[in-house]
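# Geometric and topological summary
The primary structure of each chain is shown beneath.
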Amino acid sequence: SAPPLSLTLILAATPSLGIGKAGTLPWPQLRKEMGYFKRVTMRVPPRTDAPERENGRKRVNTVVMGRKTWDSIPERFRPLEGRLNVVVTRKPEAFPSAKKKGAVEGPIVVGSVTEAVERLQALNAQAVNADGEGEEDRQGQPEVERVFVIGGATIYDAALKLSQTDRVLLTKIENEFECDTFFSVELDKDETWKRSSREGLEEFTGEKVEAVEEKGVRFEFGMYERVK
Ligand code: FOL
């Protein structure tokens, strides 16, 4: 049986926890920050613990996002390549379904974050058995590795209520920008969350992290883990 999925929030926020403005990001394009987002959400860690789980399926990460975040991604970049995309909307019937070249699949459209987790868990549920039975119908379907919740505020809030959400990758943007959408938790002041060491962050992301400045905007990468 497949191990339970855990969820990782990934976001960038200003000192006042601003994450969005008028349907887009509040800051000028930060290529190094977006590059980090892309690499981290794309990277599938090597299987170390349970090589017997190897089943020939392609292992991919998933990005779960709200409908407004989907709308905010430039059309040429969505679905986000190399990752399974899940869009949460209360009006799935109003969502234009389209699959495009380079995309792993989808996007998968669901009505809630909980439903997203259920659907992903179902994808992983049955292992291909010893005879390879079931292989024909599942070979094309990817095995879900890491699940990243990529926003926006409504979706982060919903995910934070789930016990499966045990990690937050937060890029602290050190400059302030005008924002109309905010993250709801001050992680440094919340006893539910503990900031990880730099080593812990580097181990999880596979990235060498250091403070960055781009276009006069300083930012640093951090990680928090749920402790309660
Ligand atoms: N987390 C972090 N750390 N930074 C972000 O900018 C961020 N943005 C979102 C969610 N979590 C984040 C949501 N907004 C793309 C655009 C907007 C977006 C998320 C992703 C996007 O187009 N990404 C492309 C790369 C684009 C490029 O190279 O410029 C991708 O393939 O990931």
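Keep in mind it's a predicted model, so treat the numbers as computed, not measured. (Residues numbered from 1 in each chain as written. Predicted model: local features only at pLDDT ≥ 70, side-chain atom pairs only at ≥ 80, totals over all residues. Heavy atoms only, no water.)

## Quick word on the overall build of the protein chain
What the protein chain contains, in helices and strands, is 6 helices and 11 strands. Of the contacts made within the protein chain by residues no fewer than 6 positions apart, 71% connect residues no fewer than 24 positions apart. Here the protein chain displays about 12,400 Å² of accessible surface, and carbon together with sulfur accounts for 49% of that area. (Helix = DSSP H or I, 4+ residues; strand = E, 2+ residues; numbered from the N terminus. Contact = heavy atoms within 4.5 Å. Areas by Shrake-Rupley, 256 points an atom, 1.4 Å probe, with all protein chains shown as cover.)

## So, the confidence of the model for the protein chain
Chain-level statistics for the protein chain give a pLDDT mean of 91 and a share of 89% at 70 or above. The least confident element of the protein chain, judged by mean pLDDT, is helix α4 (residues 135-138) at 51; the most confident is strand β1 (residues 7-13) at 99. (pLDDT = per-residue confidence, 0-100.)

## A few points about the pattern of salt bridges
Should the charged atoms of two oppositely charged side chains come close, the side chains can pair. All told, the structure shown has 14 salt bridges when counted by the stated rule. The closest approach of N and O atoms between Glu225 and Arg167, which form a salt bridge, is 3.4 Å. Placement of the pair is Glu225 in strand β11 (residues 217-226) and Arg167 in strand β7 (residues 165-173), with a sequence separation of 58 residues. Given a relative accessible area of 32%, Glu225 falls into the partly exposed group. By sharing partners, the salt bridges in this structure join Arg198, Glu202 and Lys208 into a single network. (Salt bridge = Lys/Arg side-chain N within 4 Å of Asp/Glu carboxyl O. Buried < 20%, exposed > 50% of the residue type's maximum accessible area, 1.4 Å probe, protein only.)

## Structural notes on the site of the ligand
Contacts to the ligand come from 17 residues, most closely from Ile10, Leu11, Glu33, Arg83 and Ile150. The separation between a nitrogen atom of the ligand and a polar side-chain atom of Glu33 is 2.6 Å. Between an oxygen atom of the ligand and a side-chain N or O atom of Arg83, the distance comes to 2.7 Å. The fraction of the free accessible surface of the ligand (660 Å²) that becomes covered by protein chains is 86%. Looking at the shell around the ligand, the elements that each hand over two or more residues are β1 and α1 (31-42). A per-element tally of the shell around the ligand places α1 first, with 4 residues. Among the residues making up the shell around the ligand, the classes are represented as 12 nonpolar, 2 polar and 3 charged. (Near = heavy atom within 4 Å. Polar contact = N/O pair within 3.5 Å; in protein donor to acceptor, adjacent residues only side chain to side chain. Nonpolar A, V, L, I, M, F, W, Y, C, P; charged D, E, K, R; others polar.)

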